[in-house]
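If you want the building blocks of each chain, they are given just below.
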Amino acid sequence: MEKIVIDYTNMMSESIGVHGINDDDFISVKGDIERAVKRITDKQLMFRRLPYENIDKIVEYGKYIRSNFKNFLVLGIGGSALGPKAIFKSTCGRYHNEYKIDKVPLPKFYFEDNVDPDRIYDLINTIDLENTCINIISKSGKTIETLSQMMIFIDALQKLKPDSWTDNLVFTTDKDNSVLLDIGKKYGIKMFYIPQEIGGRYSIFTPVGILTAAVCGCDIHSMLKGARDMNELCNNEDYTKNPAFMYAVLQYISMKRGKNISIMMPYTDSLKFVTDWFSQLWAESLGKKYDIDGNVVNAGQTPVRALGSVDQHSQLQLYMEGPFDKVVTLIKVDKHRYKMPIPTIFEDSSELKFLCNSSLNKLINSELEAIIYALTQNGRPNIVINLPSLDEYYLGQMFIMLEIGTAFAGYMLNINPFDQPGVEHGKISTYALMGKEGFEERRKSLEITNKIKFLV
Ligand code: PA5
């Protein structure tokens, strides 16, 4: 199988000098690697089994949505929005919604992952709701942002179609203990379930991501095949032959050496939202106060999203000459979807002549090579993830490689990469502030700490 390649040459001291990694660094983390290998190969790790599940029913329903609705709107937040958005954005063109609808027989896509009143007002007052399928995603079925969006959109649907408002809805949630589940059952709404053991940020291969993939008509089977092939490769216990482990080991050693910022910079707009998805995965999985033994460790590495070549003209100066506290992961795509030639005009200008008859394809990858060279010359650790193309097969490989790598890094750090107590803390405070019953104690504490005066 052809596979994505992780080139870490420029993480090593041979390439970048004192800020690089050497053999002693690998030896010094041998025990941590062994511990992580034991945990990650646990057969109970459900997220690694997802690409093997049968998805026929989801694919069928995706086809139904495609042929019956003009718009597909996802309401969800965090792991319940970033996966589907990453799949849509990496497989459909950037201007998908602007394509003439009769040319492309696909719905327009909307992902609403905020409770910004202006944003929701704009959408609800512009979208053709009657022809919109709304996929409401919440694993817990308790997330205040998603539930409040749901109430707004269902109220609007009920007013518009009093007898058939449920026809426009799909719920994706946990099979037990979810408000969405209760409402879905009561009103006979179409539902898909997220396996109990899967947390939001590891849910891209559950119905959370797969339904969007099915609606946008991408080759899901190829994506899952890619994920399976990579998963098999990542069964190799030798980290030097395992791309996910190696990625994690390099970042782990970097963290130990004070490189607490991890930048991901794809050289294609199609993967911009994959970096959003990965940022959540990395931040929420690794950012932990306590280790597994209860010691305070305040672990984690701050993910930063960047885009090539855009950020060469904004962030790069800092990456090149600022503090030595960063690792840069560049994502290279050998073959973009389209060829975009630069035409032969103004040949008589010495400033333009060399561009004549070239292409944006050559330009963007030359920019990438130039940056690898510049970072390396400046002694800056950089890794290249190389995708042969933007084919779904390689995307599937990349998604699971990053998931396994994240979990592995968590196990090396000896923390739990699957919980998110910090997120829960924020959720509880918001419940308290919004006056939910049972959260009175937190409300009192907020009153004192934030000096809030509750007027209502
Ligand atoms: O990764 C996570 O667990 C979180 O980011 C959740 O996805 C997010 O808080 C939304 O939760 P839920 O899907 O329960 O609405």
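It should be noted that the structure appears before, not after, this text.
A brief report on the enclosed structure follows. (Residues numbered from 1 in each chain as written. Predicted model: local features only at pLDDT ≥ 70, side-chain atom pairs only at ≥ 80, totals over all residues. Heavy atoms only, no water.)

Here Gly308 and Ser309 are connected by a cis peptide whose omega angle stands at 0 degrees. By the secondary structure assignment, Ser309 is in the loop between β10 (302–305) and α13 (316–321). Despite not being glycine, Asn177 shows a phi value in the positive range, around 55 degrees. Structurally, Asn177 can be placed in the loop between β5 (169–174) and α8 (179–187). (Helix = DSSP H or I, 4+ residues; strand = E, 2+ residues; numbered from the N terminus.)

Below, the discussion takes up the environment of Leu271. Within the element layout of this structure, Leu271 appears in the loop between β7 (261–266) and α12 (272–286). Through-space distance from the C-alpha of Leu271 to that of Leu390 is 8.9 Å; in sequence the pair is 119 residues apart. Each residue touching Leu271, except ones within four places of it in the same chain, is listed here: Ser90, Pro266, Ile331, Val333, Leu387, Leu390, Leu395 and Met398. (Contact = heavy atoms within 4.5 Å.)

Right, let's get into the site of the ligand. Near the ligand you find 14 residues, and of these Ser80, Ser138, Ser140, Thr143 and Gln280 are the closest. In this structure, an oxygen atom belonging to the ligand sits 2.6 Å away from a side-chain N or O atom of Ser140. Lys427 has a polar side-chain atom sitting 3.1 Å from an oxygen atom of the ligand. Relative to its free-state accessible area of 380 Å², the ligand is covered by the protein chains to the extent of 93%. Elements represented by at least two residues in the shell around the ligand include exactly α5 (79–91) and α12. (Near = heavy atom within 4 Å. Polar contact = N/O pair within 3.5 Å; in protein donor to acceptor, adjacent residues only side chain to side chain. Areas by Shrake-Rupley, 256 points an atom, 1.4 Å probe, with all protein chains shown as cover.)

This part takes up the pattern of salt bridges. Here the structure, examined in full by the defined rule, presents 18 salt bridges. Lys63 is the salt-bridge partner of Glu60, the closest N and O atoms lying 3.4 Å from each other. Here Lys63 and Glu60 lie together in helix α4 (residues 56–68), a separation of three residues that amounts to about one turn. Residue classification places Lys63 among the partly exposed positions, given a relative accessible area of 41%. Residue Lys159 pairs with Asp155 through a salt bridge whose shortest N-O separation is 2.8 Å. (Salt bridge = Lys/Arg side-chain N within 4 Å of Asp/Glu carboxyl O. Buried < 20%, exposed > 50% of the residue type's maximum accessible area, 1.4 Å probe, protein only.)

Pairing is parallel in the open sheet, where five strands are placed in the order β3-β2-β4-β5-β6. What marks the edges here is a single partner per strand, and that holds for β3 (108–112) and β6 (190–194). Strand-to-strand twist across the sheet, computed as the mean angle between neighbouring axes with direction ignored, equals 15 degrees. The sheet strands contacting helix α6 (residues 117–124) are β2 (71–75) and β3, and the helix crosses β3 at an angle near 155 degrees. (Pairing = 2+ DSSP bridges. Axes fitted to C-alpha atoms, helices over the stretch in contact; angles between N-to-C directions.)

Further remarks concern a nonpolar patch on the surface. A surface patch of nonpolar side chains, amounting to about 260 Å² of accessible area, comprises Met340, Leu360 and Leu363. Along the polypeptide, Met340 turns up in the loop between β11 (326–335) and α14 (360–377). By relative accessible area, which is 48% here, Met340 ends up partly exposed. (Patch = residues over 30% accessible without salt bridge, like charges linked within 9 Å, V, L, I, M, F, W, Y side chains within 5 Å.)

Between helix α3 (residues 30–40) and helix α15 (residues 392–412), the least distance of the axes is 8 Å, while the angle of their chain directions is 125 degrees. The angle between α3 and α15 falls in the class oblique. Relative to α15, α3 is oriented so that their crossing is right-handed. Between α3, through Asp32, Ile33, Arg35, Ala36, Val37, Arg39 and Ile40, and α15, the contact on the second element is made entirely by Ile404, Ala407, Phe408, Tyr411 and Met412. For the contact of α3 with α15, the residue count by class is nine nonpolar, no polar and three charged. (Parallel < 35°, antiparallel > 145°, perpendicular 65-115°, else oblique. Left-handed = near helix turned anticlockwise from the far one by under 90°. Nonpolar A, V, L, I, M, F, W, Y, C, P; charged D, E, K, R; others polar.)

The terminal C-alpha atoms of α5 lie 19 Å apart, and with 13 residues this matches the ideal 18 Å at 1.5 Å per residue to within 8%. Most of α5 is tucked away: twelve of the 13 residues are buried. Among the residues making up α5, those that are buried are Gly79, Ser80, Ala81, Leu82, Gly83, Pro84, Lys85, Ala86, Ile87, Phe88, Ser90 and Thr91. (Expected span 1.5 Å × (residues − 1).)

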